[in-house]
Amino acid sequence: MTYQLVTLLNEEEEYAFRDMKVEARKKCDRNVFEFAQCTRDKTFSGFVICRPFLNAMNECLSQYTGEDVRDRYRSELYAKKERKIKDSQGE
């Protein structure tokens, strides 16, 4: 039995993190929309007036983009890559 070292390319990690961010935006769409609506037609005052919406949006997004979530995405990529290697070797 031979062991194959599986590493991720920077490009692969970037794709995974992009997917993670897209998923987070979908899950927090309501919070993002509320913040955007609040800041519409405002200048610097929007950041003061809309602070509660900004905080809610950031809190929501951080649930889906934290380090533990990034690790889960990495683990899924490792597993896919390992399966691909095993399949190509005929194991």
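Procedures and definitions
Residues numbered from 1 in each chain as written. Predicted model: local features only at pLDDT ≥ 70, side-chain atom pairs only at ≥ 80, totals over all residues. Heavy atoms only, no water. Helix = DSSP H or I, 4+ residues; strand = E, 2+ residues; numbered from the N terminus. Expected span 1.5 Å × (residues − 1). Buried < 20%, exposed > 50% of the residue type's maximum accessible area, 1.4 Å probe, protein only. Arc of directions from axis to C-beta. Contact = heavy atoms within 4.5 Å. Core = buried A, V, L, I, M, F, W, Y, C linked by side-chain atoms within 4.5 Å.

**Q** Help me get a handle on helix H1 (residues 10–27), residues and values and all.
**A** Here H1 is 18 residues long and its end C-alpha atoms lie 26 Å apart, about the 26 Å a rise of 1.5 Å per residue gives. Along H1, the residues classified as buried are Glu13, Ala16, Phe17, Met20 and Ala24. For H1, the angular spread of the buried residues around the axis is 95 degrees, confining them to a single face. Facing away from the buried surface of H1 by more than 90 degrees, the exposed residues are Glu11, Glu14 and Lys26. Buried positions along H1 lie against helix H4 (51–65) and helix H5 (67–89).

**Q** Please set out the nonpolar core residue by residue, giving values where relevant.
**A** Core analysis: the biggest nonpolar cluster contains 10 residues, these being Ala24, Cys28, Val32, Phe35, Cys38, Cys50, Leu54, Met57, Cys60 and Leu61. Secondary-structure elements contributing two or more residues to this core are helix H2 (29–39) and H4. Ranked by the residues each element gives to this core, the list is headed by H4, at 4 residues. Excluding residues within four positions of it along the chain, Phe35 makes contact with Phe47, Cys50, Phe53, Leu54 and Met57.

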